[in-house]
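# Summary of the model geometry
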Amino acid sequence: MQCQPDEATALFRDLLINVTSFFRDPEAFDALQTMVIPRLFEGRGAADTVRVWAPGCATGEEVISIAIMLREHMDTMRTPPRVTIFATDIDEDALAVARAGCYPAPMLEGVSPERRKRFFTGQSGSFVVAKELRDLCVFSPHSVLRDPPFSRMDSSPAATC
């Protein structure tokens, strides 16, 4: 049998599911914003850290959506804690897109004009994620099949439903 690495790579790419968009499931994001995020910040101040893990982050749109909501909640606090979102995926090419934080204008359909103005900078037909959001996110390769899940992440009872 002959080994063809290009074919194996193509098959791997076909098996990956990269269906993602900003605020993709409005009901889920509404629940995060109203029920989960406030509880993550309860009793926390400047000396604390909130850690969130987003496995299977693909090209980062949903992670940036979460970062937007976390940043907006932090803005309501007098002394917000530090926030780190660990965003992982097995696909290095998808992670490169997520790290660059540059998305074509049509990809921002789910982002309100107010959020677009605050959290993105227009750049010749594309939008770049603002530094204040990118600083919250750590994009890293990780296989949930081979490596154990991250520990010491924050959760709330509502997040486990």
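Shown above is the structure to which this text applies.
Let us look at the structure shown here.

### Observations regarding the side chain of serine 126
For serine 126, the position within the fold is in strand S5 (residues 126-129). We classify serine 126 as buried; its relative accessible area is 18%. Apart from the residues lying within four places of it in its own chain, the contact partners of serine 126 are Cys102, Tyr103, Pro104, Ala105 and Thr121.

### Digging into the pattern of salt bridges
Scanning all chains against the criterion turns up seven salt bridges. Its salt-bridge partner being glutamate 132, residue arginine 71 comes within 3.8 Å of it at the nearest N-O pair. One end of the pair, arginine 71, is in helix H3 (residues 61-74); the other, glutamate 132, is in helix H6 (residues 131-134), and 61 residues separate them in sequence. Here arginine 71 falls in the buried class, since its relative accessible area comes to 17%. For glutamate 132, a relative accessible area of 30% translates into the label partly exposed. The partner of arginine 118 in a salt bridge is glutamate 132, and the shortest N-O contact between them spans 3.1 Å. Pair noted here: arginine 118 is in helix H5 (residues 113-119) and glutamate 132 is in helix H6, with a separation of 14 residues, a long-range link. We classify arginine 118 as partly exposed; its relative accessible area is 37%.

### Digging into unusual backbone geometry
For alanine 58, which is not a glycine, the phi torsion comes out positive at approximately 55°. Residue placement: alanine 58 occurs in the loop between strand S1 (49-55) and H3. In this structure alanine 58 comes out as buried when scored by relative accessible area, which is 4%. Positive phi, close to 40°, is recorded for serine 124, a residue that is not glycine.

### Quick word on the sheet that holds strand S6 (residues 137-141)
Reading across the sheet, the three strands line up as S1-S2-S6 and stay open at both edges, with parallel pairing between neighbours. Each edge of the open sheet carries a strand with a single partner, namely S1 and S6. Adjacent strand axes in the sheet meet at a mean angle of 20°, parallel and antiparallel pairs treated alike. Taken together, the seven bridges between S1 and strand S2 (residues 82-89) define a ladder with parallel strand orientation. Paired with tryptophan 53 across the bridge in S2 is phenylalanine 86. Its contacts with the sheet put helix H4 (residues 92-100) on S2 and S6, and the angle it makes with S6 is roughly 165°.

### As for the packing of aromatic side chains
Enumeration over the complete set of coordinates arrives at three aromatic pairs. Seen in terms of ring centroids, phenylalanine 22 and tyrosine 103 are 5.1 Å apart; in terms of plane orientation they differ by 85°. Their pairing is edge-to-face. Of this pair, phenylalanine 22 sits in the loop between helix H1 (5-15) and helix H2 (26-41) while tyrosine 103 sits in strand S3 (residues 102-104); the two residues are 81 residues apart in sequence, bridging distant segments of the chain. Accessibility expressed as a relative area gives 2% for phenylalanine 22, which makes it buried. Centroid distance phenylalanine 22 to phenylalanine 120: 5.6 Å. Interplanar angle 90°. Geometry classified as edge-to-face. Of this pair, phenylalanine 22 sits in the loop between H1 and H2 while phenylalanine 120 sits in strand S4 (residues 120-123), and the two are 98 residues apart along the sequence. Owing to a relative accessible area of 5%, phenylalanine 120 belongs among the buried residues under this scheme.

### Here we look at the nonpolar core
Formed by 36 residues in total, the largest nonpolar core has its most connected members in Phe41, Ile64, Ile85 and Phe120. Counting only elements with at least two residues in this core, the list comes to H2, S1, H3, S2, H4, S5 and S6. Ignoring anything within four residues of it in the chain, the contact list for isoleucine 64 reads Phe22, Tyr103, Phe120, Val129, Leu133 and Cys137.

Quick notes on the rules
Residues numbered from 1 in each chain as written. Predicted model: local features only at pLDDT ≥ 70, side-chain atom pairs only at ≥ 80, totals over all residues. Heavy atoms only, no water. Helix = DSSP H or I, 4+ residues; strand = E, 2+ residues; numbered from the N terminus. Buried < 20%, exposed > 50% of the residue type's maximum accessible area, 1.4 Å probe, protein only. Contact = heavy atoms within 4.5 Å. Salt bridge = Lys/Arg side-chain N within 4 Å of Asp/Glu carboxyl O. Pairing = 2+ DSSP bridges. Axes fitted to C-alpha atoms, helices over the stretch in contact; angles between N-to-C directions. Phe/Tyr/Trp six-rings, centres within 6.5 Å; stacked < 30°, edge-to-face > 60°. Core = buried A, V, L, I, M, F, W, Y, C linked by side-chain atoms within 4.5 Å.

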